Amino acid sequence: MLDATMAPLVEVKNLKMYFPIHSGLLRRHTGDVKAVDDVSFHIMPGETLGLVGESGCGKSTVGRAILRLYEPTAGSVRIDGDEIPALAPHALRKKRPTMQMVFQDPQASLNPRMTVADIIGEPLEEHTTLSRDQKLARIYELMDQVGLNRAFANRYPYAFSGGQRQRIGIARALALNPKFIVCDEPIAALDVSIQAQVVNLLEDLQDRLGLTYLFISHDLSMVRHIADRVAVMYLGQIAEISPRDALYAQPLHPYAEALLSAVPEADPSGAQKQRIILKGDVPSPANPPKGCNFCTRCPRVMPVCREVEPKLIEAAPGRQVACHLINPL
Ligand code: SF4
């Protein structure tokens with residue numbers, strides 16, 4: 001249960017992550033891919049914020065930049081009181097155990113030459129002074145927590161199914177008792193039949209360990225299941241952030257409306273939502289349109305949208321939207 005009087009565990013303000021473009025013989029800096037462009041949000045302790053959008057919208061880059069797997073170009077990221085972009089290397093190393101990431105592809109993120117015990121125990125090796133026996137006890141405890149059979153501790157990743165490999169990745173992320181975990185498309189590479197099992201495991205661990213999640217996904221049905229609030233991203237920016245139920249019942253931003261119109265609904269009345277098909281392609285983040293970044297595809301575009309960028313402001317209690325329809329000038 002979230003307590004509104006608590007301070008956020010994660011506060012992101014005006015985060016920018018630009019990747020420079022160099023061209024010509026002299027490799028001059030001629031522009032930037034604006035993968036994340038002025039993104040702000042917060043996450044309360046114990047909360048799950050879903051971050052959704054089409055592939056290439058910058059959502060995974062947000063996850064990597066806030067954990068400083070990329071060096072952010074600008075902006076503030078406070079996690080449990082520490083300003084992450086300002087931490088010196090030794091301070092960042094000390095902070096790492098409290099903020100972890102579960103990656104999309106468990107196959108690619110696990111070293112095939114290490115046993116499961118070595119993979120899960122690697123963070124313990126690096127960050128603790130536990131004895132050999134204490135380490136093994138902790139590895140077994142973590143395997144129990146994620147539903148892996150202890151008898152398999154000395155096997156190698158190839159011997160496991162995709163779902164089991166993701167459990168190994170989750171056990172490793174939990175090894176040092178993190179408070180905050182970025183789950184970057186954690187089920188996208190898994191068979192549909194086991195996706196729900198992994199999501200249920202993440203929910204169960206959150207309840208038991210008081211974890212806070214940023215859950216990045218393009219799977220809007222799964223986000224609806226796990227998230228408390230949802231941020232919708234388009235072309236490096238946030239279009240809308242709303243509590244889950246309010247967003248799925250009535251999205252306020254035209255892009256959120258289009259994205260959610262594609263989600264199958266279990267409506268007892270049998271009423272079908274009208275699917276909104278967006279025309280055109282997503283513009284390049286190296287050359288986003290002037291004004292609203294959605295103006296080239298928005299079914300409700302107005303002249304002002306092509307001139308003035310809408311700001312993300314509160315449109316209803318707890319709901320923030322960046323659109324001139326909601327916030328007329
Ligand atoms: Fe559409 Fe204009 Fe709103 Fe952008 S600001 S989402 S173009 S109506």
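Predicted model, so just to flag it, every value in this text is computed and none were measured.

**So, the domain arrangement of the protein chain**
Domain parsing of the protein chain yields domain 1 (44-69 + 87-227) and domain 2 (238-263 + 273-329). With 10 residues of domain 1 in contact, the opposing surface of domain 2 contributes nine residues. It is E54, L220 and R224 that lose the most area in domain 1 upon contact with domain 2, and together they represent 64% of the buried surface on that side. Taken together, the connections running from domain 1 to domain 2 amount to five residue pairs in polar contact (both at pLDDT 80 or more). Ranked by the residues each element gives to the side of domain 1 that touches domain 2, the list is headed by helix α8 (residues 220-226), at five residues. Residue classes in the side of domain 1 that touches domain 2 are distributed as five nonpolar, three polar and two charged.

**A short note on the sheet that holds strand β9 (residues 229-234)**
In space, the eight strands of this open sheet follow the order β6-β7-β8-β3-β9-β10-β12-β11, with mixed pairing throughout. Edge positions in the open sheet fall to β6 (99-102) and β11 (313-316), since each of these has one partner strand only. The mean inter-strand angle of the sheet, taken between neighbouring strand axes irrespective of direction, is 25 degrees. Note that strand β10 (residues 237-243) and strand β12 (residues 319-321) share two bridges and pair antiparallel. Within the sheet, the bridge partner assigned to I241 lies in β12 and is Q320. Helix α7 (residues 192-209) rests against β3 (48-52), β7 (180-184) and β8 (212-217) of the sheet, and its axis sits at about 160 degrees to β8.

**Structural notes on the site of the ligand**
Taken together, 13 residues lie near the ligand, and C292, C298, C305, C323 and H324 sit nearest. Tallied by class, the residues present in the shell around the ligand amount to 10 nonpolar, two polar and one charged.

Scoring rules and cut-offs
Residues numbered from 1 in each chain as written. Predicted model: local features only at pLDDT ≥ 70, side-chain atom pairs only at ≥ 80, totals over all residues. Heavy atoms only, no water. Domains from an automatic or database assignment. Contact = heavy atoms within 4.5 Å. Buried area = accessible area lost by both parts, 1.4 Å probe. Polar contact = N/O pair within 3.5 Å; in protein donor to acceptor, adjacent residues only side chain to side chain. Helix = DSSP H or I, 4+ residues; strand = E, 2+ residues; numbered from the N terminus. Nonpolar A, V, L, I, M, F, W, Y, C, P; charged D, E, K, R; others polar. Pairing = 2+ DSSP bridges. Axes fitted to C-alpha atoms, helices over the stretch in contact; angles between N-to-C directions. Near = heavy atom within 4 Å.

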